[in-house]
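Breakdown of the fold
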There are 2 protein chains.
Amino acid sequence: MKKSAKLAMPAPQAFQPIESVSIGTQLYRHLRGAIIRGDLHPGQALSESEIARQYSTSRQPVREAFIKLAEERLVNIQPQRGTFVVKISVADVLDARFVREAIEVAVAQEAATSAPPTAIKELRNLIEQQIAVSHGHNAEFLALDEEFHRTISLSVGRAHAWRVIEGIKAQMDRIRYLSLDDATPLPLIIEQHSRIVDGIEAGNPAAAAAAMRSHLREIIISLPDIAARFPDVFESESLTGAS
Amino acid sequence: MKKSAKLAMPAPQAFQPIESVSIGTQLYRHLRGAIIRGDLHPGQALSESEIARQYSTSRQPVREAFIKLAEERLVNIQPQRGTFVVKISVADVLDARFVREAIEVAVAQEAATSAPPTAIKELRNLIEQQIAVSHGHNAEFLALDEEFHRTISLSVGRAHAWRVIEGIKAQMDRIRYLSLDDATPLPLIIEQHSRIVDGIEAGNPAAAAAAMRSHLREIIISLPDIAARFPDVFESESLTGAS
DNA sequence: ATTTATACTTTACCATACATGTATGGTGAT
DNA sequence: ATCACCATACATGTATGGTAAAGTATAAAT
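Parameters at a glance
Residues numbered from 1 in each chain as written. Chains lettered and ligands numbered in written order. Predicted model: local features only at pLDDT ≥ 70, side-chain atom pairs only at ≥ 80, totals over all residues. Heavy atoms only, no water. Least-squares fit on C-alpha atoms with pLDDT ≥ 70 in both. Contact = heavy atoms within 4.5 Å. Helix = DSSP H or I, 4+ residues; strand = E, 2+ residues; numbered from the N terminus. Salt bridge = Lys/Arg side-chain N within 4 Å of Asp/Glu carboxyl O. Buried < 20%, exposed > 50% of the residue type's maximum accessible area, 1.4 Å probe, protein only. Near = heavy atom within 4 Å. Polar contact = N/O pair within 3.5 Å; in protein donor to acceptor, adjacent residues only side chain to side chain. Nonpolar A, V, L, I, M, F, W, Y, C, P; charged D, E, K, R; others polar. Pairing = 2+ DSSP bridges. 1 Å grid on protein atoms, 1.4 Å probe; cavity = no way out; pocket = protein on both sides within 12 Å on 5 of 7 lines; lining within 4 Å. Points joined across faces, edges and corners; volume = space filled by probe spheres on them. Axes fitted to C-alpha atoms, helices over the stretch in contact; angles between N-to-C directions. Parallel < 35°, antiparallel > 145°, perpendicular 65-115°, else oblique. Left-handed = near helix turned anticlockwise from the far one by under 90°. Buried area = accessible area lost by both parts, 1.4 Å probe.

1. Focus: the relation of the copies chain B and chain A
- If you rotate chain B by 180 degrees and push it 0.0 Å along the axis, it lands on chain A with an RMSD of 0.1 Å. Each copy turns onto its partner about a two-fold axis. Closest approach to the rotation axis among the C-alpha atoms of chain B is made by Ala 102 of chain B, whose C-alpha sits 2.7 Å away.
- The fraction of interface residues of chain B whose copies in chain A are also interface residues reaches 100%, indicating that both copies meet through the same surface.

Structure representation (structure tokens):
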């Protein structure tokens, strides 16, 4: 009886199993956001017991969250010593940016030849929303910015590409949160977004690629200033090499 | 005074803290290799308790290994159900290959302009070794192949790029282990490697990029055949879309 | 014969206890 | 004043018991 009723449901594959997220995963997401936003300062020590007390849980879920964060290079687990929020390394960020550029430029090229019209409409829509919040609401803008880039990747079915970018973006976003106000002016970023969509819509891979490339190189400009202004947030960068 | 005496010590920066690897990490590495080599079959269920018994340890380290494997998309943890070795998805592999091509082509371009001569010598050396084992020893060849690609990335300081590639390679290597014998002939691969180094050594970014690109597209050719020959190893690939 | 209901098994998840390595302040001998 | 030594506190790593949920098999009922 109930089964036959269920079979009448509209889109079975759209069903999400409610996904009762485990405590460890919830903690992971929460801490990840806190680190990216800078609520947890680079270099700060994170204690399993301490976090467990704060969230009224046991050490085990905290431990699992730490492991995931360590995989993402957001914390550094030192056995029998402690777990610390990793400081930002200028060299690392530039290296990550290089990878991101390689991937997203390739995606933009592909989008110019095979992105569906609905995706272009969605991208234009996102740009409109970005304009709407471009006066002051920088946090909201960052979310729309992320959705913009994600939409491009998913529009050509590059889910894996987006997954990689997402991890890289985390490191780069930490810097953007450091200088929310005096970074690259939002109207300029929005203009760059428009040029990217222009290239995609025109079916011009070279133009789309060039627009994406110059867009992603913005951060290189502001990075040295930021590193100089927040010295305690960055790695000493002299004798590290590997870590 | 005494400080000057301490300054006479041999090489303080060469000190490595011995890195006593935890059981969980050891298990992760072991299981990872087993999955890539195909010793653990796609779809197979992995039980925390079972693995713990096999390796004479407790369930906790096993659990941590599972979490790391899940981050790498090598196993799929289903809460309250079980953990399974993920089947290979043709679409996923093609998506991952796309990302790898984007990164490694960019790296090859960069290497053509700024790789040190020592790196080129090292690459030539690796090719010689590959020739030496190209008759039969396919497992050894795979190791040398990995070292070849890693050397290129690290020669231009792209450690982050290599880290991303390493994760992608895992998925692609699973396929190579499926058809160790009748895959692309090793001499052909070695020839492609040579062309890549030729481009780098000549300082010709376009040539290096083109050589790398065609090299990384080899797998597309053999993939359909392999997928047809090992149907139980691959995802059904019809209604998945996301997972 | 088909369906419903119930008991049972297995699983990942969480909490707790214990083991082991590390940092640190104090103490006494030199 | 300096050093070795030790006690203490705290960090992560490991072991183990308990729990809720999902799957399965058996039995009852229609």
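Having seen it, we continue.
2. Focus on the environment of Arg 37 of chain A
- Relative to the elements of secondary structure, Arg 37 of chain A occurs in helix H2 (residues 23-37).
- The sequence separation of Arg 37 of chain A and Ala 170 of chain A amounts to 133 residues, and the corresponding C-alpha distance is 9.6 Å.

3. Things to note about the pattern of salt bridges
- Counted by the stated rule, this structure contains 35 salt bridges over all chains.
- A salt bridge links Glu 72 of chain A to Arg 32 of chain A; its shortest N-O distance comes to 2.8 Å. Within this pair, whereas Glu 72 of chain A is found in the loop between helix H4 (59-71) and strand S2 (75-78), its partner Arg 32 of chain A is found in helix H2, the two being separated by 40 residues in sequence.
- Residue classification places Glu 72 of chain A among the buried residues on the basis of a relative accessible area of 18%.
- Through salt bridges with shared partners, a single network forms among Asp 145, Glu 146, Lys 169, Asp 173 and Arg 176 of chain B.

4. Description of the protein's contact with DNA strand D
- Around DNA strand D sit 24 residues in total, of which Arg 63 of chain A together with Ile 23, Thr 57, Arg 59 and Arg 81 of chain B are the nearest.
- Take the atoms of DNA strand D that sit within 4 Å of the protein: sugar and phosphate atoms are 63% of them.
- Thr 57 of chain B has a polar side-chain atom sitting 2.6 Å from a phosphate oxygen of DNA strand D.
- When residues of the surface near DNA strand D are traced back to their parent elements, those giving at least two are H4, S2 and strand S3 (82-85) of chain A together with helix H2 (23-37) and helix H4 (59-71) of chain B.
- For the surface near DNA strand D, a count of residues per class yields 5 nonpolar, 12 polar and 7 charged.

5. Focus on the side chain of Ser 134 of chain B
All names here are of chain B.
- Along the chain, the position of Ser 134 falls in the loop between helix H6 (117-132) and helix H7 (138-155).
- Given the relative accessible area of 14%, Ser 134 is considered buried.
- A distance of 2.7 Å separates a polar side-chain atom of Ser 134 from the backbone oxygen of Ile 131.

6. A short note on the pairing of strand S3 (residues 82-85) of chain B
Residues and elements named next belong to chain B.
- Where burial is concerned, the two faces of S3 differ: the one with Thr 83 and Val 85 is buried and the one with Gly 82 and Phe 84 is not.
- Sheet topology note: the strand S1 (residues 45-46)/S3 ladder contains 2 bridges and is antiparallel. Its bridge partner lying in S3, Leu 46 is registered against Thr 83.
- Where strand S2 (residues 75-78) lies against S3, 4 bridges are found, and the strand directions are antiparallel. Bridge pairing in S3 places Val 75 opposite Val 85.
- What sits between the antiparallel neighbours S2 and S3 is a turn of 3 residues, in which Gln 80 has the positive phi angle 60 degrees.

7. Things to note about empty space enclosed by the protein
Residue and element names in this part refer to chain A.
- Considering all chains together, one arrives at 1 cavity of 30 Å³ or more under this definition.
- Computed from the structure, the largest cavity encloses a volume of approximately 350 Å³.
- Lining the largest cavity are 22 residues, and of these Arg 176, Thr 184, Ile 189, Glu 218 and Ile 219 sit closest to its centre.
- Only helix H7 (138-155), helix H8 (159-178), helix H9 (186-201), helix H10 (205-216) and helix H11 (218-229) provide two or more residues apiece to the lining of the largest cavity.
- Per element, the largest residue contribution to the lining of the largest cavity is 5 residues, and it comes from H7.
- Its residues assigned to classes, the lining of the largest cavity shows 11 nonpolar, 6 polar and 5 charged.

8. A closer look at the protein's contact with DNA strand C
- Taken together, 23 residues lie around DNA strand C, and Ile 23, Thr 57, Ser 58 and Arg 81 of chain A together with Arg 63 of chain B are the ones closest in.
- Each atom of DNA strand C within 4 Å of the protein was assigned to sugar, phosphate or base; sugar and phosphate come to 72%.
- The separation between a phosphate oxygen of DNA strand C and a polar side-chain atom of Arg 63 of chain B is 2.5 Å.
- Contact distances for DNA strand C include 3.2 Å between a base nitrogen and a side-chain N or O atom of Gln 80 of chain B.
- Of the residues in the surface near DNA strand C, the class split is 5 nonpolar, 12 polar and 6 charged.

9. Considerations on the packing of helix H5 (residues 90-114) of chain A against H10 of chain A
Residues and elements named next belong to chain A.
- Packing of H5 against H10 brings their axes to within 8 Å, and their N-to-C directions diverge by 155 degrees. Classified by the interaxial angle, the pair formed by H5 and H10 is roughly antiparallel. Crossing angle aside, the handedness with which H5 passes H10 is right-handed. In this structure, H5 uses Arg 97, Arg 100, Glu 101, Glu 104, Val 105, Ala 108, Gln 109, Ala 112 and Thr 113 to contact H10, whose residues at the interface are Pro 205, Ala 208, Ala 209, Met 212, Arg 213 and Leu 216.

10. Overview of the interface of chain B and chain A
- At the interface, 26 residues of chain B touch 26 residues of chain A.
- Summing both partners gives a buried area of about 2,300 Å² for chain B against chain A, and 61% of it is carried by carbon and sulfur.
- Considering only the surface of chain B that becomes buried against chain A, Asp 95, Phe 98 and His 160 of chain B emerge as the three largest contributors, covering 24% of it.
- Seen at the junction of chain B and chain A, the total is 4 salt bridges.
- Across the pair Arg 158 of chain B and Asp 95 of chain A runs a salt bridge whose closest N-O atoms are separated by 3.4 Å.
- The interface formed by chain B and chain A holds 8 residue pairs in polar contact (both at pLDDT 80 or more) in total.
- At the level of elements, H4, helix H5 (90-114) and helix H8 (159-178) of chain B are the ones that each hand at least two residues to the side of chain B that touches chain A.
- Counting residues per element, the side of chain B that touches chain A draws most heavily on H5 of chain B, which supplies 11 residues.
- Here the residues of the side of chain B that touches chain A sort into 13 nonpolar, 3 polar and 10 charged.

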